[in-house]
Amino acid sequence: MILGSVRQGRNGEAVAKWMYDFATNRNDEVTYEIVDLADYPLPMLGAAIKESDQEEAAQAIQSWSEKMASFDGYIFVTPEYNHAIGGALKNATDYLKAEVHNKAAGFVGYGSLGGTRAHENLRLILGELQVADVRTAVTFSLMTDFENMSVFKPADFHHVNANEMLDQVIAWSGALKPLRG
């Protein structure tokens, strides 16, 4: 589960924890892990890096690549910023290539419209990376699933989409495994 926001005071931590707890309580024969982009201080792709920061930047890029390579599938937990994913998540996906090919992804979003436009943005990006995204997504509204747009209190009806999305990601990840070698 990729926590796709690095913003201070982000709602994403509560959303990712809810999704992680929900998934692990299903008792699938799957290992789930939250991967927080804030733990990977990736430089902006293509930006000049001071010589004194190059080793740290190279290590962050390598760690991010290895972490993403270690999974069969992904669940992206992302807010919607200006009708798209946030810059940190876009930058992080730009560092990925073969390590994510032929894997599956699902989406958990939050925002005024539940992050749906961020999901659509991710579908385009992941298509280029040869990641198959599943249809069902989990969408949390800042107006109805958060008290004062900051305290996460999701409605129970989200369980249906969460189950469907997880079932799809698990099935597609397994189906794509022979393509990964």
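See the structure shown above.
The structure reproduced in this document is the subject of the present report. (Residues numbered from 1 in each chain as written. Predicted model: local features only at pLDDT ≥ 70, side-chain atom pairs only at ≥ 80, totals over all residues. Heavy atoms only, no water.)

1. Brief notes about the environment of Leu-129
When you line up the elements, Leu-129 lands in the loop between helix 4 (116-128) and strand 5 (131-141). Setting aside chain neighbours within four positions, we find Leu-129 in contact with Thr-93, Leu-96, Lys-97, Val-100 and His-101. (Helix = DSSP H or I, 4+ residues; strand = E, 2+ residues; numbered from the N terminus. Contact = heavy atoms within 4.5 Å.)

2. Some points on the layout of surface pockets
Here the largest pocket is characterised by a volume of approximately 380 Å³. Only strand 3 (73-79) and helix 5 (158-180) provide two or more residues apiece to the lining of the largest pocket. Here the element with the most residues in the lining of the largest pocket is helix 5; it accounts for 6 residues. Its residues assigned to classes, the lining of the largest pocket shows 9 nonpolar, 5 polar and 5 charged. Here the second largest pocket is characterised by a volume of approximately 160 Å³. If you trace the second largest pocket, you find it lined by Arg-7, Arg-10, Asn-11, Pro-79, Glu-80, Tyr-81, Tyr-110, Gly-111, Ser-112 and Leu-142. Residues that form the lining of the second largest pocket fall into these classes: 4 nonpolar, 3 polar and 3 charged. (1 Å grid on protein atoms, 1.4 Å probe; cavity = no way out; pocket = protein on both sides within 12 Å on 5 of 7 lines; lining within 4 Å. Points joined across faces, edges and corners; volume = space filled by probe spheres on them. Nonpolar A, V, L, I, M, F, W, Y, C, P; charged D, E, K, R; others polar.)

3. Here we look at the pairing of strand 3
With respect to burial, strand 3 is a largely interior element, 6 of its 7 residues being buried. After leaving strand 3, the chain enters helix 3 (residues 87-94) and then returns to the sheet as strand 4 (residues 103-111), a path that is right-handed. (Buried < 20%, exposed > 50% of the residue type's maximum accessible area, 1.4 Å probe, protein only. Right-handed = clockwise from strand over helix to strand, strands pointing away.)

4. Observations regarding the side chain of Glu-99
The topology assignment puts Glu-99 in the loop between helix 3 and strand 4. At 8.0 Å, Lys-97 is the nearest oppositely charged side chain to Glu-99, a buried residue that forms no salt bridge. A polar side-chain atom of Glu-99 sits 2.9 Å from a polar atom in the side chain of Ser-65. For Glu-99, the contacting residues outside a window of four places in its chain are Ser-65, Met-68, Ala-69 and Tyr-74. (Lys, Arg positive; Asp, Glu negative; His and termini not counted. Salt bridge = Lys/Arg side-chain N within 4 Å of Asp/Glu carboxyl O. Polar contact = N/O pair within 3.5 Å; in protein donor to acceptor, adjacent residues only side chain to side chain.)

5. A short note on the pattern of salt bridges
Overall, the coordinates contain 14 salt bridges when judged by the stated rule. Residue Asp-36 pairs with Arg-10 through a salt bridge whose shortest N-O separation is 2.6 Å. Taken together, the residues span a long stretch of sequence, with Asp-36 in strand 2 (residues 35-36) and Arg-10 in the loop between strand 1 (2-3) and helix 1 (12-25) at a distance of 26 residues. On the basis of relative accessibility, which here comes to 13%, the residue Asp-36 falls in the buried class. The shortest N-O distance in the salt bridge between Glu-33 and Lys-67 comes to 2.7 Å.

6. A few points about the packing of aromatic side chains
A complete count under the given rule lists 9 aromatic pairs for this structure. Judged by centre distance (6.0 Å) and plane angle (45°), the ring pair of Tyr-74 and Phe-76 falls under tilted. Here the two residues Tyr-74 and Phe-76 agree in accessibility, since each one is buried. Between Phe-76 and Phe-107, the ring centres sit 6.5 Å apart and the planes meet at 40°, which makes this aromatic pair tilted. Taken together, the residues span a long stretch of sequence, with Phe-76 in strand 3 and Phe-107 in strand 4 at a distance of 31 residues. Each member of the pair, Phe-76 together with Phe-107, is buried. Grouped by ring-pair contacts, the aromatic residues Trp-18, Phe-22, Tyr-110, Phe-140, Phe-146 and Phe-152 constitute a single cluster. Across the ring face of Tyr-81, the terminal group of Arg-7 is positioned such that the distance to the ring centre comes to 4.1 Å. (Phe/Tyr/Trp six-rings, centres within 6.5 Å; stacked < 30°, edge-to-face > 60°. Lys NZ or Arg CZ within 6 Å of the ring centre and 35° of its normal.)

7. Comments concerning the nonpolar core
Formed by 26 residues in total, the largest nonpolar core has its most connected members in Ile-2, Trp-64, Met-68, Tyr-74, Phe-76 and Leu-126. Looking at this core, the elements that each hand over two or more residues are helix 2 (54-69), strand 3, helix 3, strand 4, helix 4 and strand 5. It is helix 4 that contributes the most residues to this core, 4 residues altogether. Not counting residues within four places of it along the chain, the set of residues in contact with Met-68 comprises Ile-2, Tyr-74, Phe-76, Leu-96, Glu-99, Val-100 and Lys-103. By size, the runner-up hydrophobic cluster in this structure holds 23 residues, among which are Met-1, Val-15, Tyr-110 and Val-138. (Core = buried A, V, L, I, M, F, W, Y, C linked by side-chain atoms within 4.5 Å.)

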